[in-house]
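# Per-entry structural report
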Amino acid sequence: MAATLENRVVLITGSTTGLGKAMAMAFANQGARVVMNYHNNRARAEAAYTSLKETGTDTLLLQADVTDAASVGRMYDEIAQKLGPVDILIPNATPDQPQRPIEAYDWALYQSMIDFFLKSPFLLTRACLPHMKQQKWGRIINITSEVFSLGVTPFTAYVAAKGSQVGFSRSLSNELAPHGITVNMISPGWIPVERQPTWAFIFAPSIYTCPP
């Protein structure tokens, strides 16, 4: 397949495992320059980075807390200096996502969901926009979820934060379209990845369980 994204700089947060890693490899195969981001587990991140480098793509591995404005700013500056400014942004990093009845949640858990699914895309988007607007081209892809449409239970914290992300994406797409910047959403179903807890996602009439 011919490369279609030659020299485009792609930032995918939370991209050293699971869906993020798969997206990083796919973009590399299309000729993009790929920035892999992680927050914890350096050994796993370096293993993923090594695999990506073997494709021959220009790549960069950066540790950053994508819910912190200063950390996002430092990461973006390093990307711009070493690979060039970001053309394609995919906020993919997530926190732990426990399923609990409403009585078992506290606000700290809700806040962590909001920080990853609303604050992080906001911070990352603002960092990338000056370059995208200047060149009148950019791609922002938010990873939302079918849980918002399905009202999956008992999962109110995650579902509420994903609903906010959907609204953010829809409004932002209208705002940025005149600048040649598209904002899209990918809303995947359940994907088994390298998570430690046992999850049960309940979509009537089936139950999907991720083993420990």
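See above for the structure.
In what follows, the accompanying structure is described. (Residues numbered from 1 in each chain as written. Predicted model: local features only at pLDDT ≥ 70, side-chain atom pairs only at ≥ 80, totals over all residues. Heavy atoms only, no water.)

### Points about the overall build of the protein
To keep things clear, this is the line we draw: Think of it this way: any DSSP run of H or I at least four residues long counts as a helix, any run of E at least two long counts as a strand, and we number them from the N terminus. Exposed residues in this analysis have more than 50% of their type's maximum accessible area, buried residues have under 20%, and partly exposed residues fall in between, with area computed by a 1.4 Å probe over protein chains only. Contact between two residues is taken to exist if any of their heavy atoms lie within 4.5 Å; hydrogens are not considered. Values of accessible area rely on a 1.4 Å probe in the Shrake-Rupley scheme; residue burial ignores everything except the protein chains shown.
Along the backbone of the protein there are 6 helices and 8 strands. Listed by position from the N terminus, the elements making up the protein come as β-α-β-α-β-α-β-α-β-α-α-β-β-β. For the protein, the proportion of its 212 residues judged to be buried stands at 45%. When contacts within the protein are restricted to residue pairs at least 6 apart in sequence, those whose partners lie at least 24 apart make up 67%. A total of about 10500 Å² of accessible surface is found on the protein, and carbon and sulfur atoms cover 54% of it.

### Observations concerning the packing of aromatic side chains
Stated precisely, the cut-off is as follows: Here a pair means two rings of Phe, Tyr or Trp (six-membered ring of Trp) with centres within 6.5 Å. Their orientation is stacked below 30 degrees between planes, edge-to-face above 60, and tilted elsewhere.
Tallying each qualifying case throughout the model produces 4 aromatic pairs. When the ring of Tyr105 is compared with that of Tyr110, the centres are 5.6 Å apart and the planes differ by 80°; the resulting orientation is edge-to-face. Grouping residues by exposure puts Tyr105 and Tyr110 together as buried. Where Trp107 meets Tyr110, the ring centres are 5.4 Å apart and the plane angle is 15°; that geometry is what we call stacked.

### Here we look at the sheet that holds strand β2 (residues 33-38)
Rules: Whether two strands pair comes down to DSSP finding at least two bridges between them. The convention used is that axes are lines fitted to C-alpha atoms, helices contributing only their stretch in contact, and that angles between N-to-C directions extend from 0 to 180 degrees.
Taken in spatial order, the 6 strands make up an open sheet running β3-β2-β1-β4-β5-β6, and their pairing is parallel. Two strands close off the open sheet at either side, each with one partner strand: β3 (59-63) and β6 (181-186). Neighbouring strand axes in the sheet, compared pairwise and without regard to direction, differ in orientation by 15° on average. As paired strands, strand β4 (residues 88-90) and strand β5 (residues 138-143) are joined by 2 bridges and run parallel to one another. Within β5, the position partnered with Leu89 by the bridge is Ile140. Strands β2 and β3 of the sheet are contacted by helix α2 (residues 42-53), whose axis makes an angle of about 170° with β3.

### Concerning empty space enclosed by the protein
Quick reminder of the rule: Put plainly, a pocket is an open set of points on a 1 Å grid over the protein atoms alone with protein on both sides within 12 Å along at least five of seven lines, a cavity is a set where a 1.4 Å probe fits but cannot get out, and a lining residue has an atom within 4 Å of a point. Grid points are joined across faces, edges and corners, and a volume is the space filled by probe spheres set on the points. The classification used treats Ala, Val, Leu, Ile, Met, Phe, Trp, Tyr, Cys and Pro as nonpolar, Asp, Glu, Lys and Arg as charged, and all other residues, Gly among them, as polar.
Evaluated as defined, the whole model comprises 1 cavity of 30 Å³ or more. Looking at the largest cavity, its volume works out to about 50 Å³. Lining the largest cavity are Thr13, Pro91, Asn92, Ala93, Thr94, Phe116, Phe117, Ser120, Ile143, Lys162 and Gln165. The set of elements that each furnish at least two residues to the lining of the largest cavity consists of α4 (107-135) and α6 (156-176). Ranked by residues supplied to the lining of the largest cavity, first place goes to α4 with 3 residues. Split into classes, the residues belonging to the lining of the largest cavity amount to 5 nonpolar, 5 polar and 1 charged.

### A word on the side chain of Asp115
Cut-off, in case you're wondering: His residues and chain termini do not enter the charge count, which takes Lys and Arg as positive and Asp and Glu as negative. Whenever a carboxyl oxygen of Asp or Glu lies within 4 Å of a side-chain nitrogen of Lys or Arg, that contact is scored as a salt bridge.
You can see Asp115 is positioned in helix α4. Despite its burial, Asp115 pairs with no opposite charge, the nearest such side chain being Lys119 at 4.9 Å. Setting aside residues no more than four positions away along its own chain, Asp115 makes contact with Thr67 and Ser120.

### Considerations on the pairing of strand β1 (residues 9-12)
The condition that has to hold: Note on handedness: a crossover is taken as right-handed if, strands pointing away from the viewer, the path from the first strand over the helix to the second is clockwise.
Across the two faces of β1 the burial is the same, with Val9 and Leu11 and Val10 and Ile12 all buried. Taken together, β1, helix α1 (residues 18-29) and β2 form a β-α-β motif whose crossover is right-handed. Both β1 and β4 contribute to a ladder of 3 bridges, which runs parallel. Each residue of the ladder has a partner; that of Leu11, found in β4, is Leu89.

All we've got here are geometric facts, nothing functional implied.
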